[in-house]
Every structure is written in C-alpha cells, then in structure tokens.
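# What the coordinates show
So you can see what is in the structure, the chains are spelled out below.
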Amino acid sequence: MKAIVQDRYGSADVLQLREVERPVPAAGEVLVRVRASSVNAADWHVMRGDPYFARLFLGWKGPKTRIRGRDFAGVVEEVGPGVSGMVQVGDEVFGEVEGAFAEYVRVPVHLVAHKPSNLTFEQAATLPLAGNTAWTGLREVQAGQKVLINGASGGVGLMAVQIAKARKAVVTGVCSTRNVEQVRSVGADHVFDYRTTDFTRSGQIYDVVFDLVGNRSMAELRALLTPDGTLVLSGGGSFTGGVLFGPYRLIIQGKLLASFSRQRLVVLEAKPSKENLAALRELAESGKLVPVIERTYPLTDAPDAIRHVESRHAQAKVVVTA
Ligand SMILES: NC(=O)c1ccc[n+]([C@@H]2O[C@H](COP(=O)([O-])OP(=O)(O)OC[C@H]3O[C@@H](n4cnc5c(N)ncnc54)[C@H](OP(=O)(O)O)[C@@H]3O)[C@@H](O)[C@H]2O)c1
C-alpha cells in the first residue's frame, strides 16, 4: 500500500510517499481502508521532533511510528480475531490513531466509531483529533457561561466555538482580520481581531478561557478569568517557548500552579476514545457541529498539506484523501 513515511526528524522534506506492506489486524484490531485523513498540529510536531523535550517519548533518533497522520475516516476492510458484533467489514468508521496518511491503517477496535451518517469521509476525517480536543476542553461548560477562545479560526478553534455554543455559552473568539467573518459564521457572539485589538486589555472577564495559541503569559490569561474561572491550556505552537520546551512552557507553569490557585488551571490531554467519538457523532448528526474544510490534498501531496498547517495560519481543517 502507499503511505507517507519518515525515517528521521526534519521539515516536510523528510516525508516520502512509499510502497509499504499492508498491515494485518491483530487480535482486537480492525483494518480500515482510509478514504480521508486530516492534518493536525501534532503531525508537524512529531515530524520535526519538536520540541526536543518530546523526543524522550516520541523516539530519540526518529519517530517510533514512521507513518504520519492521525485522523482517519474510511471503511472496515478486515477484522482481527476477537472483534465480533461491534464493527463489521464494510462499516463506515472514523477515529484517531497514528499512521493514517496511508491507504490502510490498523486500529484497536475501542478507538473506532461509526462515522456520522450525514458527513462525507472528508468531513468526518476532520473530527477525531481536533473535535476531541475541543470537546474535552469545553464539555463541562454550563449554559450562560462566558467563554473566550484564543485561536478560534484554526482546526480546533472553529470546532471549539461550535461546541461552546452547543453548550449554550456566550462565546468570544480571537483571530486575525481575514478570519473574523468565518468565526462569527460558526456562531461566535463576539470576535476580537488580534491585529487591531489586544483582547487581554478589553476589561472583559470570562468563566472559561481556552488557549489554543500559547502566545500570552500565564498572568495575562489568568487576569481574564473570574476568581473561580477555568483556564484550559492546550499547548500552542513554539511561538515563545523555543525548541527545547516549545508549547510545554505554559503547560509546565499550569501544572505547577494548579494546586495553589482558586482558578482551575487545566492542562488538556485529549485522549481518543469511542465515547468521545460518539459525542462528536451526535453533535455532527444534530447539526450542532459542522466541519469547515479549507483545502483538500491527495495523499501524494500530504507533505504540502503539513507545510500549510505548519505555517500556523491554516483557516479551518486541511484534509488529505487516500
Ligand atoms: N493538548 C492537546 O491535546 C492538543 C490537541 C490538539 C491541538 N493542540 C494544540 O492546539 C493548537 C491549535 O491546534 P489547531 O489544530 O487548531 O491548529 P491550527 O489549525 O494550525 O491553528 C491555526 C490557527 O491559529 C490562528 N493563530 C495563529 N496565530 C494566532 C494568534 N497570535 N492569535 C490568535 N490566533 C492565532 C490562525 O489564525 P490567523 O491566521 O487568523 O492568525 C489559524 O487559524 C495547536 O498548537 C496544537 O498544538 C493541543
């Protein structure tokens, strides 16, 4: 089968389209014929081994998992031993697992869920990682709460706006001028254009701040919260943290301060699960979560798709079709 493979860390130039052996599903796994995948910040972080600190668990000399891509939507081609009833050959499924920029991917059955019936494979492939991040970060939001999302126009951000609105929150997004209308169109009540306005100086305070950029200090973010408000830290790019700690700078601060603060400082770890995929399916099927796709690339051009997302200025999700 064809797959996008890397042997060492580096820019998207290290990625190669190669012919590799088609995987065989082990006990408790299924083999999915991938129809579409989508790009996440995690793909370029792993591709580059960025920040260096992360190589402790990603692999020291190169990534342990050589095939890039995480999100998949496709059709079950084969089921391994012990998989019965839950998923059958021919089922249309989606989920998150390493190795999705390929024609086939093997997936533990507990990480596979049926694809939302109203979505195409391309649309469904945008949901698993980004949707799970937005859902995990905001699922506890209460009706009427004020929520601010920094980075509202990216892959996670546009889903976060919709999920916060589905929770009946009053939502403020932060993005640049060219994305203001897009963020409004998915439901944001207010939008700050960071090119003209410093949202940390508006005088507004929020019950929940969801940071998807990592470009503001811990003090600035906490000053935006009510005394018992919640700050959800997702990481962000290596804007100010440098390649050693990168997005971990705020995360480490958040973990250190969490037990001393009345405000809730949450370091987000969005783990894939069948339950979260089911929640995303329900949101999609009820029309509360509508995927927004900026561009679609064929598998052969997956390196270009990653280059685009790595620019940190993708508008919505970038899809790769296999
Ligand atoms: N902890 C976790 O489990 C987890 C999971 C997934 C993602 N994440 C993190 O969440 C972050 C967002 O992911 P993503 O997939 O949404 O990334 P993305 O699609 O690459 O986000 C790009 C967006 O960021 C916006 N942006 C860039 N600079 C900005 C700034 N200074 N202020 C506000 N917005 C800015 C861009 O808008 P403009 O072009 O308008 O600037 C663009 O729309 C990533 O850094 C990722 O590492 C964490």
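Residues numbered from 1 in each chain as written. Predicted model: local features only at pLDDT ≥ 70, side-chain atom pairs only at ≥ 80, totals over all residues. Heavy atoms only, no water.

An unreviewed UniProt entry lists the protein chain under the name NADPH:quinone reductase, from Lentzea cavernae.

### Observations regarding the pattern of salt bridges
Taken as a whole and assessed by the stated rule, the structure comprises 20 salt bridges. For glutamate 96, the salt bridge is made with arginine 70, and the minimal N-O distance between the two is 3.8 Å. Highlighted residues: glutamate 96 in strand S5 (residues 92-96) and arginine 70 in the loop between helix H2 (55-58) and strand S4 (71-79), separated in sequence by 26 residues. With its nearest N and O atoms 3.1 Å apart, the salt bridge here joins glutamate 98 to arginine 70. With glutamate 98 in the loop between S5 and strand S6 (104-108) and arginine 70 in the loop between H2 and S4, the pair connects residues that are 28 residues apart, well separated along the chain. Each of Arg68, Arg70, Glu96 and Glu98 takes part in a single network of salt bridges with overlapping partners. (Salt bridge = Lys/Arg side-chain N within 4 Å of Asp/Glu carboxyl O. Helix = DSSP H or I, 4+ residues; strand = E, 2+ residues; numbered from the N terminus.)

### Topic: a nonpolar patch on the surface
On the surface, a cluster of nonpolar side chains totalling about 410 Å² of accessible area is made up of Leu56, Phe57 and Trp60. Structurally, tryptophan 60 is set in the loop between H2 and S4. For tryptophan 60, a relative accessible area of 59% corresponds to the exposed category. (Patch = residues over 30% accessible without salt bridge, like charges linked within 9 Å, V, L, I, M, F, W, Y side chains within 5 Å. Areas by Shrake-Rupley, 256 points an atom, 1.4 Å probe, with all protein chains shown as cover. Buried < 20%, exposed > 50% of the residue type's maximum accessible area, 1.4 Å probe, protein only.)

### Considerations on the nonpolar core
The biggest cluster of nonpolar side chains holds 45 residues, and the ones touching the most others in it are Leu138, Val147, Ile149, Val161, Val183 and Phe210. Of all the elements in the fold, those that place two or more residues in this core are helix H3 (121-124), helix H4 (128-138), strand S8 (146-150), helix H5 (155-166), strand S9 (170-175), helix H6 (180-185), strand S11 (206-211) and helix H10 (274-285). Take this core: its biggest share by element is seven residues, from H5. Shared between two domains, this core holds at least three residues of each, these being domain 1 (2-127 + 291-321) and domain 2 (130-267). When sequence neighbours within four positions are dropped, the list of residues in contact with leucine 138 reads Val147, Ile149, Ala160, Ile163, Ala164, Arg167, Val208 and Phe210. (Core = buried A, V, L, I, M, F, W, Y, C linked by side-chain atoms within 4.5 Å. Domains from an automatic or database assignment. Contact = heavy atoms within 4.5 Å.)

### Some words on the sheet that holds S9
Strand pairing within a sheet occurs via backbone hydrogen bonds; the two strands may be parallel or antiparallel. With parallel pairing, the six strands of this open sheet are ordered in space as S10-S9-S8-S11-S12-S13. The sheet is open, and its two edges are formed by strand S10 (190-193) and strand S13 (264-267), each paired on a single side. Shown here is a sheet whose adjacent strand axes are inclined to one another by a mean of 15°, direction ignored. The pairing of S11 with strand S12 (residues 225-233) spans five bridges and is classified as parallel. When the sheet's bridge partners are listed, phenylalanine 210 is paired in S12 with valine 232. (Pairing = 2+ DSSP bridges. Axes fitted to C-alpha atoms, helices over the stretch in contact; angles between N-to-C directions.)

### Looking at the environment of glycine 131
Along the chain, glycine 131 turns up in helix H4. Overall, the relative accessible area of 0% leaves glycine 131 in the buried class. Sequence separation between glycine 131 and serine 259 is 128 residues; the distance between their C-alpha atoms is 28 Å.

### A word on helix H9 (residues 248-257)
Those residues of H9 not exposed but buried are Leu250, Ile251 and Gly254. With its buried residues spanning 100° around the axis, H9 presents them on a single face. (Arc of directions from axis to C-beta.)

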